[in-house]
Amino acid sequence: TKVRELPVGILQLRKLRILLVYHIGKDFALCGVTPPSQIGNLLFLEILHSIDADHDKTLVMEIGKLTQLRKLGISKLRKIDGAILCSSLGKLTNLRQLCVNSIKEDDTLDLLHPISPTPRALQVLELGGRLEMIPPWVASLQNLTTIQLFGSRLRHDLLESLQSLPNLVDVSLNNAYEGEELYFMAGGFQKLKRLELTRLQKLKCVRVGDRAMPCLHKLVMAECKLVEKLPWGIQNLNELKSLGLADMSNELIVKLQDKGSEEYQKI
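Model, not experiment: these values are computed from the prediction. (Residues numbered from 1 in each chain as written. Predicted model: local features only at pLDDT ≥ 70, side-chain atom pairs only at ≥ 80, totals over all residues. Heavy atoms only, no water.)

Peer 1: Teacher, can you tell me more about the sheet that holds strand 5 (residues 71–77) here?
Peer 2: Working definition: the strands of a sheet are paired by backbone hydrogen bonds and lie parallel or antiparallel to each other. As summarised here, the arrangement of the 10 strands in space is 1-4-5-6-7-8-9-11-13-14, forming an open sheet in which the pairing is parallel. With partners counted over all chains shown, the strands left at the sheet margins are strand 1 (18–20) and strand 14 (242–246), one partner each. Neighbouring strand axes in the sheet, compared pairwise and without regard to direction, differ in orientation by 5° on average. Relative to strand 6 (residues 97–102), strand 5 runs parallel, the two being bridged by five bridges. Looking at the pairing, Ile-74 lines up with Val-100 of strand 6. (Pairing = 2+ DSSP bridges. Helix = DSSP H or I, 4+ residues; strand = E, 2+ residues; numbered from the N terminus. Axes fitted to C-alpha atoms, helices over the stretch in contact; angles between N-to-C directions.)

As structure tokens, this is what we get:
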């Protein structure tokens, strides 16, 4: 929509359960609207997607009042509001889906603060913006099925905190890692079915350990220009049905076109 601000009169809709107002901006960035500062008065809200958090510092605190929320989208979150957001999330025990975007792609999402209690019902987590590390509380999300990271630009191994999540089936990493190697450790990601690696511009190598990702059905790699070989261990992904490669290195494409090459034999 082209709606950028909600009128204060919306607070009169006391029994409103679903409020969806957003648009997709430049580079597919999620853009929300500016709600009234007393948005926490809509106590029956179950879906709120998406609100801009940069205009009023009290908005992130107001979210903690919406204890019925199942789906929440926040855009333009400032680093200084990270601690308040984590405090508010601890009150949303019904939350199933959370989408948070920083105010700018290069700005940091400060989500390292503890969340108490942890939103254990959370199933879908989408984070857009720089991260210093994967928030520690993510490792305790036992019901998480989907995680999408955009622009995280992590410099340390981001897989360690994700590999043991028992119900994770979908992982998407878009400009989320600045290391040269991704190693899916042996026995990790036991239920993962879909993996997407996009715009990992410093990545050179992907390795798959023994019995890692035994259920993987679909693997997509795009704009990973320095990767010249298929993932080491890809031949052990017995359930793999779809391999998508887009805008990869010329060296990898040449190897795949050569039916006698090692890369071709792997698949």
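Don't stop here, the text continues.
Peer 1: Explain the environment of Asn-41 to me, please; I cannot follow it from the model alone.
Peer 2: If you trace the backbone, Asn-41 turns up in the loop between strand 3 (30–31) and strand 4 (47–52). Of the residues examined, Asn-41 reaches a relative accessible area of 31% and is grouped as partly exposed. Note: C-alpha distance between Asn-41 and Arg-14 (27 residues apart in sequence) is 7.6 Å. When neighbours within four sequence positions are excluded, Asn-41 is seen to be in contact with Arg-14 and Glu-62. (Buried < 20%, exposed > 50% of the residue type's maximum accessible area, 1.4 Å probe, protein only. Contact = heavy atoms within 4.5 Å.)

Peer 1: Looking at this structure, how should I read the side chain of Thr-34?
Peer 2: Checked against the element boundaries, Thr-34 lands in the loop between strand 3 and strand 4. Those residues in contact with Thr-34 that lie beyond four places of it in its chain are Arg-4, Glu-5, Leu-6, Asp-52 and His-55.

Peer 1: What should I look at first to understand the pattern of salt bridges in this one?
Peer 2: Side chains that differ in sign of charge can pair as their charged atoms come close. Scanning all chains against the criterion turns up 15 salt bridges. For Arg-153, the salt bridge is made with Glu-178, and the minimal N-O distance between the two is 2.9 Å. Of the two residues, Arg-153 is situated in the loop between strand 8 (146–150) and strand 9 (170–174) and Glu-178 in the loop between strand 9 and strand 10 (181–184); the sequence distance between them amounts to 25 residues. Relative accessible area serves as the criterion here: at 24%, Arg-153 is assigned to the partly exposed category. Salt-bridge contacts for Arg-211 lead to Asp-210; the nearest nitrogen and oxygen are separated by 2.5 Å. A single network of salt bridges, built from pairs that share partners, joins Arg-17, Glu-46 and Arg-70. (Salt bridge = Lys/Arg side-chain N within 4 Å of Asp/Glu carboxyl O.)

Peer 1: Is there a simple way to explain the environment of Gly-233 in this structure?
Peer 2: Mapped onto the elements, Gly-233 comes out in the loop between strand 13 (218–222) and strand 14. Taking the C-alpha atoms as reference, Gly-233 lies 50 Å from Asp-56; in sequence the two are 177 residues apart.

Peer 1: How should I be thinking about the state of the cysteines in this particular structure?
Peer 2: Here, the word disulfide means a covalent bond between the sulfur atoms of two cysteines. One pass over the full model with this rule turns up zero disulfides. Cys-224 supplies the cysteine sulfur nearest to Cys-205, a cysteine that is in no disulfide, at a spacing of 12 Å. (Disulfide = S-S within 2.5 Å.)

Peer 1: Explain a nonpolar patch on the surface to me, please; I cannot follow it from the model alone.
Peer 2: A cluster of nonpolar side chains, Ile-18, Leu-20, Tyr-22 and Ile-24, forms an exposed patch at the surface whose accessible area comes to about 370 Å². If you trace the backbone, Tyr-22 turns up in the loop between strand 1 and strand 2 (23–24). (Patch = residues over 30% accessible without salt bridge, like charges linked within 9 Å, V, L, I, M, F, W, Y side chains within 5 Å. Areas by Shrake-Rupley, 256 points an atom, 1.4 Å probe, with all protein chains shown as cover.)

Peer 1: What is the right way to look at the nonpolar core in this model?
Peer 2: Counting 74 residues, the largest nonpolar core has Leu-72, Leu-125 and Leu-182 as its most contacted members. Other than its neighbours up to four places away in sequence, Leu-182 contacts Leu-158, Leu-159, Leu-173, Tyr-177, Leu-197, Leu-200, Leu-203, Cys-205, Val-206 and Arg-207. (Core = buried A, V, L, I, M, F, W, Y, C linked by side-chain atoms within 4.5 Å.)

Peer 1: It is not clear to me how unusual backbone geometry should be interpreted in this structure. Could you clarify?
Peer 2: A negative phi angle is the norm for most residues apart from glycine, just as the trans form is the norm for most peptide bonds. With an omega of 15°, the peptide bond between His-49 and Ser-50 qualifies as cis. Within the secondary structure, Ser-50 is located in strand 4. Of note, the amide linkage connecting Ser-116 to Pro-117 takes the cis form, showing an omega dihedral of -5°. By the secondary structure assignment, Pro-117 is in the loop between strand 6 and strand 7 (124–128). We note that Arg-153 has phi near 55°; this positive angle belongs to a residue other than glycine. The phi torsion at Phe-189 lies on the positive side, around 55°, for a residue other than glycine. On the secondary structure map, Phe-189 appears in the loop between strand 10 and strand 11 (194–198). Taking the relative accessible area as the measure of exposure, Phe-189 reaches 2% and is therefore buried.

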